[in-house]
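Residue-level listing of the chains:
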Amino acid sequence: MTKNWSAATLLAQALGEVESEFGGIVPPIHVATTYIRSPDNSYPRGVAYGRDDNPTVSAPERVLARIENGEEALLFSSGMAAATAVFEALPFGAHIVVPRVMYWGLRKWLLDRHAVGRFRLDFADLHVAGALERVLRPQITALVWIETPSNPMWRVTDIKVIAEAVHEAGGLLAVDSTAATPLLTRPLDYGADIVMHSATKYLNGHSDVIAGALIFKRADHLFHSVKSYRHDVGPILGHFEAWLLLRGMRTLHLRVAKSCENALALATKFENHECIAEVLYPGLPKHPEHFLAGEQMSGHFGGMLSIRVVGGENAAIAVAGKVKLWKRATSLGGVESLIEHRASIEGPTTPVPADLLRLSAGIEDLDDLIADLDQALNAH
Ligand SMILES: *Cc1c(COP(=O)(O)O)cnc(C)c1O
């Protein structure tokens, strides 16, 4: 019956599942770390031990697999735990390709692993024609990782085009779709093999859970390798966090819609402000991938934008210092609007401009957000 339900309905009702013992329309939190064996030595309910699996974790996994159109989903104790699990499932010395601008924590981890020989790593500027083809090694490259829209410059990458090139070379494509959410882009439908989300961000949406998700197009060898890595090492999401995550996901469609609406209005409003050198947002017609973004992001452009402040690094930090409503904090995708001087967090090796402030548009009243940012820009 859930076959024809839209994503909004699937999310609001968490697939419409009803708890079997008492008929609760919200699932209980299963705290057991271990489960009873049958006299015949089997586990007829499919769960044996909490490091491997937990029914409270499986519930949001089913929702994610469904709304991303994948066969399987796995939840992890953080977005980084999810992302690194994909790489850890690859053989020693595997060749991987990642974008130049990407989530800084993952770039740092990959560089560290590369330095000790775990991977052979190439960077590609995916917005330069032919750059990916130059580093792809046919029948050798194991995995290409992309992020779209990418943090914190919000460039958009054409998943379909990249997937074709990667598959032709015999590799797999993984997409960090944290900023797009499953509502704006479904990377598996464009040919990706794996989708990753920092569920800490939009999926949970209330800045109170650290979590990560992987959704697999097929229940194939790679899926089983990642699942067995999670079983062996134990970075599974905790049961209480999984329960909060499912609760947060029930309103994902409403929160994302409002964040997108606020972000577009903010980008448009501040595009020509005298204290702003540039607004980076896919929804602006002058954005280099504006047309692609419109197609690939279901007519929306996300809740994330960045501004480059006239006067450089000190001016940017001063503007962030003057906000009263916006919260000066890292992270994104929560109900509250956040502002952050990005280079301060990424350190001296960052490719991010020093005058850049990253803005995560929350769900507050738009006029309040505009007024506060405007006074901070004019007061710095
Ligand atoms: C936050 C984030 C991550 C890392 O997720 P954690 O949950 O903090 O571990 C990865 N990718 C993107 C795009 C992010 O925003």
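None of the values given here were measured: they were computed from a predicted structure. (Residues numbered from 1 in each chain as written. Predicted model: local features only at pLDDT ≥ 70, side-chain atom pairs only at ≥ 80, totals over all residues. Heavy atoms only, no water.)

### Quick word on the domain arrangement of the chain
Heads up, the rule is: Here the limits of each domain have been adopted from an automatic or database domain assignment. Contact criterion: two residues are considered in contact whenever any of their non-hydrogen atoms come within 4.5 Å of each other. Here the buried area means the combined drop in accessible surface, using a 1.4 Å probe, for two parts upon being joined, counting both sides. Salt bridges are defined by distance alone: a side-chain nitrogen of Lys or Arg within 4 Å of a carboxyl oxygen of Asp or Glu. Here a polar contact means two N or O atoms within 3.5 Å. Within protein one must be a hydrogen donor candidate and the other an acceptor candidate, and residues neighboring in sequence count only if both atoms are side-chain atoms. Only DSSP runs of H or I with at least four residues qualify as helices, and only runs of E with at least two residues qualify as strands; both kinds are numbered from the N terminus onward.
Taken domain by domain, the chain consists of domain 1 (7-249) and domain 2 (253-379). Between the C-alpha centres of domain 1 and domain 2 there is a distance of 26 Å. Taken residue by residue, the interface counts 35 residues in domain 1 and 38 residues in domain 2. Summed over the three residues of domain 1 that lose the most area to domain 2, namely Trp-154, Leu-184 and Tyr-202, the buried surface amounts to 27% of that side. Here domain 1 and domain 2 share one salt bridge between them. Where domain 1 meets domain 2, there are 16 residue pairs in polar contact (both at pLDDT 80 or more). Elements with a contribution of two residues or more to the side of domain 1 that touches domain 2: helix H1 (7-12), helix H4 (104-115), helix H7 (181-184) and helix H9 (239-249).

### Some points on the site of the ligand
Our working definition: The criterion for a residue being near a molecule or strand is simple. One of its heavy atoms has to lie within 4 Å of it. What sets the accessible areas is the Shrake-Rupley method with a 1.4 Å probe; for residues, cover comes only from the shown protein chains. Cavities and pockets are defined on a 1 Å grid built over the protein atoms alone: a cavity is a set of grid points where a 1.4 Å probe fits but cannot escape, while a pocket is an open set with protein on both sides within 12 Å along at least five of seven lines, and lining residues are those with an atom within 4 Å of any such point. A cavity or pocket is said to hold a molecule if more than half of that molecule's atoms lie within 2 Å of its grid points. Residues are sorted three ways: Asp, Glu, Lys and Arg are charged, Ala, Val, Leu, Ile, Met, Phe, Trp, Tyr, Cys and Pro are nonpolar, and all the rest, Gly among them, are polar.
Contacts to the ligand come from 14 residues, most closely from Met-80, Asp-176, Ser-198, Thr-200 and Lys-201. Taking Met-80, its main chain carries an N or O atom lying 2.8 Å from an oxygen atom of the ligand. In this structure, an oxygen atom belonging to the ligand sits 2.7 Å away from a side-chain N or O atom of Lys-201. Protein contacts shield 90% of the accessible area of the ligand, which totals 380 Å² for the unbound molecule. Judged by its atoms lying within 2 Å of the grid points, the ligand is housed in the largest pocket. For the shell around the ligand, the secondary-structure elements that each account for two or more residues are helix H3 (79-88) and strand E6 (194-198). Residues belonging to the shell around the ligand are distributed by class as follows: five nonpolar, six polar and three charged.

### Points about the packing of helix H10 (residues 252-270) against helix H14 (residues 366-379)
Quick reminder of the rule: Lines fitted to the C-alpha atoms define the axes, with helices restricted to the stretch that makes contact. Angles between their N-to-C directions range from 0 to 180 degrees. In this scheme, a crossing is called left-handed if the near helix is turned counterclockwise away from the far one by less than a right angle; it is called right-handed if the turn is clockwise.
Remark: H10 packs on H14, axes separated minimally by 10 Å, with the N-to-C direction vectors making an angle of 35°. As H10 packs across H14, the resulting crossing turns out to be right-handed. Facing H10, whose interface residues are Asn-262, Ala-265, Leu-266, Lys-269 and Phe-270, H14 presents Leu-366, Leu-369, Ile-370, Leu-373, Asp-374 and Leu-377. Residue composition of the contact of H10 with H14, grouped by class: eight nonpolar, one polar and two charged.

### What to know about the sheet that holds strand E4 (residues 141-147)
Stated precisely, the cut-off is as follows: Think of it this way: DSSP has to see at least two bridges between two strands before they count as a pair.
Across the sheet, which stays open at both edges, the seven strands sit in the order E1-E7-E6-E5-E4-E2-E3 with mixed pairing between neighbours. Looking at the sheet topology across the chains shown, the edges are occupied by strand E1 (72-76) and strand E3 (119-124). Between one strand axis and the next, the sheet turns by 20° as a mean value, whatever way the strands run. Summarising the sheet, E6 and strand E7 (residues 212-216) pair through five bridges and their orientation is antiparallel. Within the sheet, the bridge partner assigned to His-197 lies in E7 and is Ala-213. Each of E1, E6 and E7 touches helix H2 (residues 55-68); the most contacted strand, E1, lies at about 130° to it. With respect to the sheet, helix H6 (residues 159-168) is in contact with E4 and strand E5 (172-176), its orientation differing from that of E5 by roughly 150°.

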